[in-house]
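Architecture and fold: a report
The residues making up each chain are set out below.
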Amino acid sequence: MNLATDGRTRQLQDAFQAFNRLSEQLEGSYRELEQRVQRLNEELAAARSERLRQLAEKERLAERLQKLLSALPAAVVVLDGKDCIQECNPAALALLGEPLLGRPWSEVHLRAVGVASSGAPEVVLKNGRVVSVTRRPLESEPGSIVVLQDVTEVRAMQDTIHRNQRLSAMGEMAAGMAHQIRTPLATALLYVSQLGRSDLRADDRRRFADKVLARLRHMESQVNDMLSFAKGGRFGMEVLSVKEFLDEARASLETQLRPLQANFVLENIADGRLTANKEALLGVLGNLADNAANARPQGLHLTLRAELDADAHLLLRVCDNGPGMASETLERIFDPFFTTRSEGTGLGLAVVQAVIQAHNGQVGVHSRPGKGTEFTITLPLREAPAACHETEYRRAS
Ligand SMILES: Nc1ncnc2c1ncn2[C@@H]1O[C@H](COP(=O)(O)OP(=O)(O)OP(=O)(O)O)[C@@H](O)[C@H]1O
Ligand SMILES: [Mg+2]
């Protein structure tokens, strides 16, 4: 009996001990769980406050961007994927007038500028303001952003600066010109004073008259150069047919080169229409022919070739068989007053460049000593023409 009681007591003790161990383990796990919950709560709170901080920062940035956009002197217009105005700043409202929001950009452009948008980088508004237009696609979404900047004052200032530069160049030149003109003037006066003599033979009279005429023409061309240079880009323009212009150029160059017995060739494989000042362009070709004649007074071969370049612009090539130029000379030939001739004013090519630039064209030159010189002039045409094939050969003499 006692034995049986002892056995049960031990069993109970074992069971208690096992129960105690389990309780301890459970208690440990529960504490661990509690700690983990505590840690998670802390992490959650930290994440929430970081997110709140980020949101506040974003809001602050958005507000700052809005303020900057409002304060920006340039007009900013945001277009959606359908080219309708989604957003704009106060400067845009002031420049383009209301209504803007929701309106198609093409309609607003037409209203403010008077013509449909052509993507030109600079436009003149109906109110006379000159505005530069930059358009860029939005990268993150469909649509684009258009920035318009009023450059009226800047352009006016640039015009004044250019005019002042030309005027000061004119001033510098005036003294030189007076000197240049004085010599042919004195010669002309001398010959004219002789013309009145009753004992003068008829052929001498004719010879003297020719000399006076030549001197006066020389002076006239110098004065014309000076005026073209002073005028800069402000020429009256007309629409010219390339063929008709080249016909006139041929007649004028033949007359100019006839006294030199020069060989002159016109090759024309171009057609189309130009917006140009005819007299100024004829003056350009006259200047180039004059230079070729000065470089090679005897045995001159001059070619004027007209063609279309890869961009369908009119390309004029004026080619001579003169002595060519060394690179040091070439670098300076378009500088006003650069000349290698004792009788030159160095204005001829400066005028050529100014006139061609005023026609939105470009002048280039290729030359090597002993290999002749080729001047190239590129001029935009009014519309892309169909090329024609026609070659004309004429002698100036
Ligand atoms: N076809 C050419 N061949 C060789 N040299 C040339 C040619 N064209 C121009 N030059 C050089 O370029 C210089 C500048 O030419 P530019 O026409 O500007 O002035 P210029 O002929 O000297 O004087 P101006 O034309 O005012 O009477 C010339 O003095 C000459 O040295
Ligand atoms: Mg010249």
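**Let's talk about the overall build of the chain**
Summing up its helical and strand segments, the chain has nine helices and 13 strands in all. Here the C-alpha atoms of the chain give a radius of gyration of 42 Å, more than 25% beyond the 21 Å that 2.2 N^0.38 yields for 397 residues. Over its C-alpha atoms, taken along the principal directions, the chain stretches across nearly 180 × 50 × 45 Å. Counting over 397 residues, the chain shows a buried share of 32%.

**Some words on the nonpolar core**
In terms of nonpolar packing, the biggest core is built from 42 residues, with Leu274, Leu304 and Leu314 touching the most fellow members. For this core, the secondary-structure elements that each account for two or more residues are helix H6 (242-257), strand S7 (263-268), strand S8 (273-276), helix H7 (278-295), strand S9 (301-308), strand S10 (314-320), helix H9 (348-358) and strand S12 (373-379). Ranked by size, the runner-up nonpolar core spans 19 residues in total, among them Ile85, Ala91, Ala92 and Val113.

**Remarks on the site of ligand 1**
Among the 18 residues in the neighbourhood of ligand 1, the closest are listed as Asn291, Asp320, Thr339, Thr340 and Thr345. One of the side-chain N or O atoms of Asp320 is found 2.8 Å from a nitrogen atom in ligand 1. Note that an oxygen atom of ligand 1 is positioned 2.4 Å from one of the side-chain N or O atoms of Thr345. Calculation on ligand 1 without its partners gives an accessible area of 600 Å², and the protein chains cover 94% of this total. Counting residues per element, the shell around ligand 1 draws most heavily on H7, which supplies three residues. Here the residues of the shell around ligand 1 are counted per class, giving eight nonpolar, eight polar and two charged.

**Let's talk about the domain arrangement of the chain**
Often, the extent of an interface is quoted as the loss of accessible area on bringing the components together. According to the domain assignment, the chain consists of domain 1 (1-65), domain 2 (72-150), domain 3 (155-231) and domain 4 (235-397). Summarising the inter-unit geometry, the C-alpha centres of domain 2 and domain 3 are found 52 Å apart.

**With respect to the packing of H7 against H9**
One can describe the packing of H7 onto H9 by two numbers: an axis separation of 9 Å at closest approach and a directional angle of 150°. Here H7 is positioned roughly antiparallel relative to H9, judged by the angle of their axes. Crossing hand, H7 versus H9: left-handed. Residues Ala280, Leu281, Val284, Asn287, Leu288 and Asn291 of H7 form the contact with H9, whose own contacting residues are Gly348, Leu349, Val351, Val352, Val355 and Ile356.

**Some points on the state of the cysteines**
Applying the stated rule across the entire model yields zero disulfides. Note on Cys88: no disulfide assigned, nearest cysteine sulfur contributed by Cys84 at a separation of 13 Å.

**With respect to the sheet that holds strand S5 (residues 144-150)**
Spatial ordering of the open sheet is given by S2-S1-S5-S4-S3, a layout of five strands whose pairing is antiparallel. One side of each edge strand has no neighbouring strand; the edge strands of this open sheet are strand S2 (85-88) and strand S3 (122-124). This sheet shows a mean twist of 25° between the axes of neighbouring strands, independent of strand direction. Across five bridges, the pairing between strand S1 (residues 75-79) and S5 is antiparallel. Of the residues in S5, the one forming a bridge with Ala75 is Leu148.

**Focus on the packing of aromatic side chains**
Describing an aromatic ring pair means giving the distance of the ring centres and the angle of the ring planes. By the definition in use, this model includes two aromatic pairs. Note on Tyr191 and Phe208: the rings are 5.1 Å apart at their centroids and 50° apart in plane angle, and the pair reads as tilted. Note that Tyr191 is positioned in helix H4 (residues 152-195) and Phe208 in helix H5 (residues 202-231), a separation of 17 residues in sequence. Of the two residues, Tyr191 and Phe208, neither departs from the other in class, the shared state being buried.

Analysis parameters
Residues numbered from 1 in each chain as written. Chains lettered and ligands numbered in written order. Predicted model: local features only at pLDDT ≥ 70, side-chain atom pairs only at ≥ 80, totals over all residues. Heavy atoms only, no water. Helix = DSSP H or I, 4+ residues; strand = E, 2+ residues; numbered from the N terminus. Rg over C-alpha atoms; globule rule 2.2 N^0.38 Å. Buried < 20%, exposed > 50% of the residue type's maximum accessible area, 1.4 Å probe, protein only. Core = buried A, V, L, I, M, F, W, Y, C linked by side-chain atoms within 4.5 Å. Near = heavy atom within 4 Å. Polar contact = N/O pair within 3.5 Å; in protein donor to acceptor, adjacent residues only side chain to side chain. Areas by Shrake-Rupley, 256 points an atom, 1.4 Å probe, with all protein chains shown as cover. Nonpolar A, V, L, I, M, F, W, Y, C, P; charged D, E, K, R; others polar. Domains from an automatic or database assignment. Axes fitted to C-alpha atoms, helices over the stretch in contact; angles between N-to-C directions. Parallel < 35°, antiparallel > 145°, perpendicular 65-115°, else oblique. Left-handed = near helix turned anticlockwise from the far one by under 90°. Contact = heavy atoms within 4.5 Å. Disulfide = S-S within 2.5 Å. Pairing = 2+ DSSP bridges. Phe/Tyr/Trp six-rings, centres within 6.5 Å; stacked < 30°, edge-to-face > 60°.

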